[in-house]
Amino acid sequence: MGDDPASRVYVNNKKKACEFVGFKSEEFALPADTTQDELLKLVDELNNRKDINGILCQLPLPKGLDENAVIEAISPIKDVDAFHKQNVGRIMIGDYDFLPCTPAGIMEMLHDYKINVDGKNCVVIGRSNIVGKPMAMLLLHENATVTICHSHTKNLKEIASGADVLVAAVGKAKFVTEDMVKENAVVIDVGMNRDEKGKLCGDVDFENVKDKCSFITPVPGGVGPMTIATLMKNTLKAAKLQNGID
Ligand code: GUN
């Protein structure tokens, strides 16, 4: 919807990934002045199409449109982002079909690098529905001790610097500095920002933090590709569920 430049990049990458794995994808690039009713009508059409297994509405939506209403309109079984409240609720109790793409991609990365969070102090900076909250829940499911920090947190530096695993999902360029990171910590950077020179950068001051931690994800090329890989995984699962395939 509209002409958000970051959304353009994300959508293009998602379309490329579909092509790569052999999924058919359709883009509906709607102008910013599309009405809520028009958008809901499109979602309804896609919900009813047998040849569509996954539906994703790239956020943010232009001002004036109700994101929650659109998310709730997507059929939960086609909700490959896992944003629908039915899917969010199922994640809370650990009985889910789909996991949200970014947090699940991060967990997959931790597993792959044999980073066990059981009993570890994990700090998530950011409390969005897309990343912060579900990230905390997935870490909790694996027995981490989880702290969520946000704009009202008073002693952020103190909390962050006690983290064995630090996840930055703030949306502010180079927000996490060296003094906020514990020696040998695992640092996961979810940010996608532009620095003073217009260069793509994360929420972590990578150059100054990289030598202090044991693992750090780069931006670009760290969490982003994992998000997209999980989206493909969710879409395949949606297709299987809708066709009774195990
Ligand atoms: N905007 C930022 N991240 C995401 C995402 O993972 N899915 C959707 N639909 N929109 C986003």
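Since the structure is predicted, the reported quantities are computational estimates derived from the model, not experimental observations. (Residues numbered from 1 in each chain as written. Predicted model: local features only at pLDDT ≥ 70, side-chain atom pairs only at ≥ 80, totals over all residues. Heavy atoms only, no water.)

Undergrad: Could you clarify how one ought to interpret the pairing of strand 3 (residues 165-168) in this entry?
TA: A regular strand places its side chains on the two faces of the sheet in alternate fashion. Residues V165 and V167 of strand 3 are buried on one face, and the alternating residues L166 and A168, pointing to the opposite face, are buried as well. Here strand 1 (residues 121-125) runs beside strand 3; their pairing, made up of four bridges, is parallel. When the sheet's bridge partners are listed, V123 is paired in strand 3 with L166. (Buried < 20%, exposed > 50% of the residue type's maximum accessible area, 1.4 Å probe, protein only. Helix = DSSP H or I, 4+ residues; strand = E, 2+ residues; numbered from the N terminus. Pairing = 2+ DSSP bridges.)

Undergrad: Before we go on, may I ask you to explain the site of the ligand in this structure?
TA: Around the ligand, a shell composed of K14, L56, C57, Q58, L59, D81 and F83 is seen. One of the side-chain N or O atoms of Q58 is found 3.3 Å from a nitrogen atom in the ligand. Side-chain polar atom of D81 to a nitrogen atom of the ligand: 2.6 Å apart, as the coordinates give it. Relative to its free-state accessible area of 280 Å², the ligand is covered by the protein chains to the extent of 84%. Split by residue class, the shell around the ligand holds four nonpolar, one polar and two charged. (Near = heavy atom within 4 Å. Polar contact = N/O pair within 3.5 Å; in protein donor to acceptor, adjacent residues only side chain to side chain. Areas by Shrake-Rupley, 256 points an atom, 1.4 Å probe, with all protein chains shown as cover. Nonpolar A, V, L, I, M, F, W, Y, C, P; charged D, E, K, R; others polar.)

Undergrad: It is not clear to me how the sheet that holds strand 7 (residues 215-216) should be interpreted in this structure. Could you clarify?
TA: Sheet strands pair by backbone hydrogen bonding; their relative direction is either parallel or antiparallel. Spatial ordering of the open sheet is given by 2-1-3-4-7, a layout of five strands whose pairing is parallel. Whereas interior strands pair on both sides, the edge strands pair on one side only; in this sheet they are strand 2 (145-149) and strand 7. Together, strand 1, strand 2 and strand 3 form the strand contacts of helix 6 (residues 132-141), whose direction differs from that of strand 1 by roughly 170 degrees. (Contact = heavy atoms within 4.5 Å. Axes fitted to C-alpha atoms, helices over the stretch in contact; angles between N-to-C directions.)

Undergrad: It is not clear to me how the nonpolar core should be interpreted in this structure. Could you clarify?
TA: Within soluble globular proteins, side chains that are nonpolar tend to cluster in buried spots. I106, L110, V117, M135, L139, V167 and I188 are the most contacted members of the largest nonpolar core, which has 34 residues in total. Broken down by secondary-structure element, the contributors of at least two residues to this core are helix 1 (5-21), helix 5 (101-112), strand 1, helix 6, strand 3, strand 4 (186-189) and helix 9 (223-242). Looking at this core, the element that brings in the most residues is helix 5, giving six residues. If sequence neighbours within four positions are ignored, V117 has contacts with L110, C122, L139, E142, N143, A144 and V165. (Core = buried A, V, L, I, M, F, W, Y, C linked by side-chain atoms within 4.5 Å.)

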